[in-house]
Amino acid sequence: VSEQKLKPDELAKEVLGGNRRLLARALTHIENESDGSAELLNALYPKTGNAYVVGFTGSPGAGKSTLVDRVAMNLVRRGKKVAVLAVDPSSPFTGGAILGDRVRMSQASDESSIFIRSMASRGALGGLGPKTAEMIFALDAVGFDFILLETVGVGQGEVEVVRTCDTVVLVLVPGMGDSVQALKAGILEIADVFVINKADYDGADRLEKELLSMLGLRQNAVFDPPIVRTVAVENRGIDETVEAMEKHRAYASESGERETRRESFLRQAFNIELDSALRDAFDKTVDEKLMLKLEKDLLERKGDPRSLARSLVATLKLK
Ligand SMILES: Nc1nc2c(ncn2[C@@H]2O[C@H](COP(=O)(O)OP(=O)(O)OP(=O)(O)O)[C@@H](O)[C@H]2O)c(=O)[nH]1
Ligand SMILES: [Mg+2]
C-alpha cells in the first residue's frame, strides 16, 4: 500500500510501530482535523496514559526553549524517549543542544529517542485547546516516556496548562519585571516547580526570597514546589531541574494528585467535545425557519434569550 493511501487504522499501526515520519504526518492530520483523524485518534487513544507530561511556561524570552532543549537532552542521556511540543512558539524551537548532540547521540542511543514538533494553538481556551491534548495523546500512545510542552507567555491560557500536564514548571527570570508581585493571579498555584533561569543575571537571590515568602503565605499547601536556579545557555542547573521534576512526580503519584489531575483533565476534554458534538447535531436537526422566527422575537423584545433557546431545544427529539 502506498503511504498516501494509508487508512487511519493502517496509519495508526505504522505510527505505533515506531515510524517517526508517519508520526509527523499523523500529528498534522490531527492538528488539521482532516478526514480520518477521528478514527486515527480512536485507534491511538487506548495506548495512552504512560507518558509523563511536563509543561514549561513563563514570560516570552525567559529561556523556556533553551531550558526544554537541555532538559530533553539530559533525559535522553538517561535513556528516556522524549517528545518536545512547542505550542504557539513566538520564536522557532531551534533544537540547539539536541541537534548539536545528534552526531554523538546517534552512537550512544537511537536517534528516534527524541522528537520535536511545533504547533499553533488556535485553541478556544487561549493557550491549550483540545488540539494540544490530542497531539499529546498521539505522542503518549507511541511510547515517549516524557512529553515536554513549551507554552508561550504567562497569560490567560496558562491556568489551563495544569489540566494537561502532570508537572508544571514555571520559568522566571531575575529582574526584568518578573518580580513575584507582577505574576498573574493563579500562576503561583499552578506551578509545581519554579525555575529561576538566567541566574547569571543579578537578582536571583531576591527573586528566590520573594518566591519563598509568597509560598509561605499559601494555605493548605501540601507540597513545597522546589525552586531551582539555572543558566540554561550554559547547561547549568539542568540535573537539578530534572530532579525537581522527579520530586514532584513522586509526590503526585503517591498522593493521588496525578490521577485526580488526569481525571479532571479528561472529563473536561470530554465535556468540551460533547458541547461541540451537540452543537453540530443541533445545527443539522434544527428547523431553520423556526430559528429565524425566534431570533426575530428576540430582537423585537418578545422573548428573552434563555426562554427562546429553551423553547427551540424543546422542539428537538431529545429527552
Ligand atoms: N544570559 C542568559 N541567557 C539565556 C539563558 N537562557 C536562555 N538565554 C537566552 O535568552 C534568549 C531567549 O531564550 P529562549 O529559550 O528562546 O526563550 P523562550 O522563553 O523560549 O522565548 P519565547 O519562546 O520567544 O517566549 C536567547 O537569546 C537565549 O540564548 C540563561 O540562562 N542566561
Ligand atoms: Mg521559546
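Scroll up to find the structure this text is about.
Predicted model only: the values in this text are computed from it and were never measured. Note on numbering: residues in each chain are counted from 1, in written sequence order. Ligands are numbered from 1 and chains lettered from A, in the order in which they are written. Since the coordinates come from a predicted model, pLDDT governs what is reported: local features require at least 70, and pairs of side-chain atoms require 80 or more to be given and counted, while whole-chain, interface and lining totals use all residues. To get the side-chain values, take all heavy atoms of the structure and skip hydrogens and water.

Draft legend 1. Broad picture of the pairing of strand 5 (residues 167-172). Burial runs high along strand 5: six of the six residues are buried. On strand 5, burial covers both faces: Thr 167, Val 169 and Val 171 on one face and Val 168, Leu 170 and Leu 172 on the other are all buried. The criterion for strand pairing is that DSSP finds at least two bridges linking the strands in question. Helix and strand definitions here come from DSSP, where helices need a minimum of 4 consecutive H or I residues and strands a minimum of 2 consecutive E residues; each element is numbered from the N-terminal end. Sheet analysis places strand 1 (residues 52-58) next to strand 5, joined by five bridges and oriented parallel. Residue pairing for strand 5: Phe 56 is matched across the bridge by Val 169. Burial status follows relative accessibility: with a 1.4 Å probe on protein chains alone, a residue under 20% of its type maximum counts as buried, one over 50% as exposed, and anything between as partly exposed.

Draft legend 2. Quick peek at unusual backbone geometry. Phi at Glu 33 takes a positive value of approximately 50°, unusual for a residue other than glycine. Inspection of the secondary structure puts Glu 33 in the loop between helix 2 (20-32) and helix 3 (37-44). Positioned with a positive phi, Arg 301 is a non-glycine residue whose angle comes to about 65°. Structurally, Arg 301 is set in the loop between helix 13 (288-299) and helix 14 (305-314). Given the relative accessible area of 77%, Arg 301 is considered exposed.

Draft legend 3. Spotlight on helix 13. Here the expected span of a helix is defined as 1.5 Å times the quantity of residues minus one. Taking 1.5 Å per residue as the helical rise, helix 13 with its 12 residues ought to reach 16 Å, and the 17 Å between its terminal C-alpha atoms agrees with that figure. A 3.5 Å cut-off defines polar contacts: any pair of N or O atoms within that distance qualifies, except that in protein one atom must be a possible hydrogen donor and the other a possible acceptor, and neighbouring residues in sequence count only when both atoms are side-chain atoms. Two to three positions downstream of the cap, the backbone nitrogen of Lys 289 sits 3.0 Å from a side-chain oxygen, assigning the N-cap of helix 13 to Asp 287. Arg 301 sits one or two residues past helix 13 and shows a positive phi near 65°.

Draft legend 4. Summary view of a nonpolar patch on the surface. Patch criteria: residues need more than 30% relative accessible area and no salt bridge. Like-charged residues are merged within 9 Å; nonpolar side chains of Val, Leu, Ile, Met, Phe, Trp and Tyr are merged within 5 Å. All accessible areas in this document rest on Shrake-Rupley with a 1.4 Å probe, and a residue is counted as covered only by the protein chains that are shown. Whenever Lys or Arg places a side-chain nitrogen within 4 Å of a carboxyl oxygen from Asp or Glu, that contact is recorded as a salt bridge. A grouping of Phe 270, Leu 274 and Leu 278 is seen on the molecular surface, where their side chains present a nonpolar patch of about 300 Å² in accessible area. Of note, Phe 270 is situated in helix 12 (residues 257-285). Take Phe 270: its relative accessible area is 55%, and that puts it in the exposed class.

Worth remembering: the numbers are spatial, not functional.
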